[in-house]
Amino acid sequence: MAKGEFHKMHGLGNDFVIIDARACPMEMPPARARAIADRKIGIGCDQLILLLTSKVADVAMRIFNADGSEVEACGNASRCVVALLKRDLKIETKGGIISGQLSGNDVTVSMGEAKFDWQDIPLAFAMDSGALPLAWEELESPMTVNMGNPHAVFFVHDTDAVDLAGLGPIIEHDAAFPERVNVNVASVDGNEIRLNVWERGAGLTGACGTGACATAVAAIRQGKASSPVIVHQSGGSLTIAWAPGQPVIMTGSATYVFNGQADWDDFG
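This structure is a prediction, so every number in the text was calculated from the model and none was measured. (Residues numbered from 1 in each chain as written. Predicted model: local features only at pLDDT ≥ 70, side-chain atom pairs only at ≥ 80, totals over all residues. Heavy atoms only, no water.)

Here's the deal with the overall build of the chain
Moving on, step 1. Along its length, the chain carries four helices and 19 strands.
Moving on, step 2. Dimensions along the principal axes, computed over C-alpha positions, put the chain at roughly 50 × 35 × 30 Å.
Moving on, step 3. Put simply, the chain has 268 residues, and 54% of those count as buried.
Moving on, step 4. Once local pairs closer than 6 in sequence are excluded, the contacts in the chain between residues at least 24 apart make up 62%.
Moving on, step 5. Carbon and sulfur atoms make up 49% of the accessible area of the chain, which amounts to about 11000 Å² in all.
Moving on, step 6. Once the 20 positive and 32 negative side-chain charges of the chain are each reduced to a mean point, those two points are 7 Å apart. (Helix = DSSP H or I, 4+ residues; strand = E, 2+ residues; numbered from the N terminus. Buried < 20%, exposed > 50% of the residue type's maximum accessible area, 1.4 Å probe, protein only. Contact = heavy atoms within 4.5 Å. Areas by Shrake-Rupley, 256 points an atom, 1.4 Å probe, with all protein chains shown as cover. Lys, Arg positive; Asp, Glu negative; His and termini not counted. Charge placed at Lys NZ, Arg CZ, Asp CG, Glu CD.)

Some words on the pairing of strand β7 (residues 96-103)
Moving on, step 1. Examined bridge by bridge, strand β6 (residues 89-93) and β7 share five bridges and lie antiparallel to one another. From the neighbouring strand, Lys90 faces β7, where its bridge partner is Ser99.
Moving on, step 2. From the end of β6 to the start of β7, which pair antiparallel, there are two residues.
Moving on, step 3. Examined bridge by bridge, β7 and strand β8 (residues 106-110) share five bridges and lie antiparallel to one another. What sits directly across from Gly100, in β8, is Val109.
Moving on, step 4. The antiparallel pairing of β7 with β8 creates a hairpin that spans two residues between the two strands, and Gly104 there sits at a positive phi of about 65°. (Pairing = 2+ DSSP bridges.)

A word on empty space enclosed by the protein
Moving on, step 1. Scanning the entire structure with this criterion turns up one cavity of 30 Å³ or more.
Moving on, step 2. The calculated volume of the largest cavity comes to roughly 70 Å³. (1 Å grid on protein atoms, 1.4 Å probe; cavity = no way out; pocket = protein on both sides within 12 Å on 5 of 7 lines; lining within 4 Å. Points joined across faces, edges and corners; volume = space filled by probe spheres on them.)

Re helix α3 (residues 164-172)
Moving on, step 1. Within the span of α3, buried status applies to Leu164, Leu167, Gly168, Ile171 and Glu172. Down the axis of α3, the buried side of the element spans an arc of 130°, and every buried residue falls inside it. (Arc of directions from axis to C-beta.)

Looking at the packing of aromatic side chains
Moving on, step 1. Inspection of every chain in the model, using the stated rule, returns six aromatic pairs.
Moving on, step 2. Measuring from centroid to centroid gives 6.1 Å for Phe6 and Phe258, while their planes differ by 80°, and the two rings are edge-to-face. With Phe6 in strand β1 (residues 3-11) and Phe258 in strand β19 (residues 255-263), this residue pair connects regions lying 252 residues apart in the sequence.
Moving on, step 3. Among the residues examined, Phe6 registers a relative accessible area of 6% and is labelled buried.
Moving on, step 4. Take Phe258: its relative accessible area is 35%, and that puts it in the partly exposed class.
Moving on, step 5. Through a chain of ring-to-ring contacts, three or more aromatic side chains come together here, namely Phe6, Phe258, Trp264 and Phe267. (Phe/Tyr/Trp six-rings, centres within 6.5 Å; stacked < 30°, edge-to-face > 60°.)

In structure tokens form, the structure reads like this:
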């Protein structure tokens, strides 16, 4: 597959290049994903999404961060895929099968169940995943949640006072997290949450769907909020509903920006 179409979309500013490779499969080595995602010499995106055929769902979705690493789940991308294909879908991801439904101008996605055991995060060794006995400057004792990918959630008084650009990469690469970790810094006011996220492999983004899910679940589990929760990020807001033992339900927008043609061989 030398030439093909791509779609540029975003979910609350978390932007994607989506390539539908179901008819013409293509290889996506890390170097090619990095080149496509590059905002100066490529198309530019936080994540590259490759759609493939699936034997167990309507479509399979592979997700590559801007650094070329492949990850298991992306809530904002899931909403964009449902909006792009314009129908309710079951989507196969490396983090499991999720389902998405068109909901007026928004998309509602069932993200599967949150996981809390230290092996499921995963952590490097057994410790209390509800309050890790660890600290990085003013960020301490995070709750860890797996939403198809690993998250550490820190509750603070003022999210914007935290130097997440400085601390995010340090926490992401800490040896406690063998698969790295997404870093969520949040403050709670009633059933509304203000959230900033450092995404592993992508850095600071306008929004993170799985981060919003993980943070809402952590707030509900710790009694800081009750379902449904509205999570505000710099790119916009998501509504997250969750009850213990049930899937996490996320509702929010998905925006189509433009489409284009590219010669994929130009990207390595």
